[in-house]
Amino acid sequence: MTQDELKALVGQAALQYVTPGEIVGVGTGSTVNKFIDALASMKDQIPGAVSSSEASTARLKALGIPVFEANDVAELSVYIDGADEIDAQGYMVKGGGAALTREKIVAAQSRRFVCIADESKLVKTLGAFPLPVEIIPMATARLVRQFEALGGRAQVRQKDGAPLVTDNGQHILDVTGLQIGDPLAFESRVNQWPGVVTVGVFAHQKASVCLLGTSGGVKTLTF
Ligand code: 5RP
């Protein structure tokens, strides 16, 4: 099966976690796009979705799925999103699509995080995928030095020859060379550096379940 087919498989499988009558939290990325497409088949059974990015909002709306503001919804029973890496504890690296801050906000207001991913995303230790960190631009040089002191190499993510600007009007640092052995401690530490909006380690908002697309079908990991 191709990676695209594996993504479609888990996108479809995630429908079982959507509760009829309830608003669903929706992440961002190519795997989530498959989920959104599948969710269209249930659009008459749910009030709508809370979205984690402008891109997902546009896709949801194009399929006729209403989108609610996070501030107008108290709690969500489930949030469904992809990951760049996930380990055996359900800790993740996210933000390859630059939507990590809103993803963490929607995850935090959800009782359950269902991660959908193809098997290439399952890792022993987080850190091989360049770690995305959303930052305030004026802190760039100091944050690059702080990551260097941890043994990492940070670069401002570019798009069309200029720094990529997130949905929140900020920049992304991608940090290579890290081995994140203690994701909870790492997330807490980096998140309190001045200028960091959100670090792409999702340990405090880890997955509850992962639907992993494998050549043998969907494997369910529970954390
Ligand atoms: C976006 C994300 C995505 O969930 C992550 O990058 C995985 O994306 P894809 O499903 O395209 O592999 O964190 O900010």
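Quantities reported herein were computed from a predicted structural model and do not represent experimental measurements.

Among the 17 residues in the neighbourhood of the ligand, the closest are listed as Ser30, Thr31, Asp84, Gly95 and Lys121. In this structure, lysine 94 approaches the ligand through a side-chain N or O atom, which is 2.9 Å from an oxygen atom. Burial of the ligand by the surrounding chains reaches 91%, relative to a free accessible area of 380 Å².

Formed by 24 residues in total, the largest nonpolar core has its most connected members in Val24, Val26, Phe35, Leu39, Ile80 and Leu211. A total of five residues in this core trace back to one element, the largest contributor, which is helix H2 (residues 30-39). Ignoring anything within four residues of it in the chain, the contact list for phenylalanine 35 reads Gly11, Ala14, Leu15, Val18, Val24, Val26, Ile80 and Ile116. Counting residues in hydrophobic clusters, the runner-up holds 23 residues, among them Val123, Leu126, Val175 and Val201.

The strand order across the open sheet formed by seven strands is S3-S2-S1-S4-S7-S15-S16, and the pairing between neighbours is mixed. Edge positions in the sheet fall to strand S3 (67-68) and strand S16 (217-222), since each has one partner strand and no second. Relative to strand S15 (residues 209-214), strand S7 (residues 110-118) is paired through five bridges, and the arrangement is parallel. Paired with aspartate 118 across the bridge in S15 is glycine 213. Strands in contact with helix H1 (residues 3-13) are S7, S15 and S16; relative to S15, the strand with the most contacts, it is inclined by about 145 degrees. Helix H4 (residues 100-108) rests against strand S1 (24-26), strand S2 (49-51), strand S4 (76-81) and S7 of the sheet, and its axis sits at about 150 degrees to S4.

When the UniProt feature table is mapped to this numbering, "active site" (unreviewed entry) covers Glu103. Apart from the residues within four sequence positions on either side, glutamate 103 is in contact with Thr28, Ser52, Tyr79, Asp81, Lys94, Gly95 and Phe202.

What counts, and at which threshold
- Residues numbered from 1 in each chain as written.
- Predicted model: local features only at pLDDT ≥ 70, side-chain atom pairs only at ≥ 80, totals over all residues.
- Heavy atoms only, no water.
- Near = heavy atom within 4 Å.
- Polar contact = N/O pair within 3.5 Å; in protein donor to acceptor, adjacent residues only side chain to side chain.
- Areas by Shrake-Rupley, 256 points an atom, 1.4 Å probe, with all protein chains shown as cover.
- Core = buried A, V, L, I, M, F, W, Y, C linked by side-chain atoms within 4.5 Å.
- Buried < 20%, exposed > 50% of the residue type's maximum accessible area, 1.4 Å probe, protein only.
- Helix = DSSP H or I, 4+ residues; strand = E, 2+ residues; numbered from the N terminus.
- Contact = heavy atoms within 4.5 Å.
- Pairing = 2+ DSSP bridges.
- Axes fitted to C-alpha atoms, helices over the stretch in contact; angles between N-to-C directions.
- UniProt positions renumbered as here; feature names shortened; annotations may be inferred.

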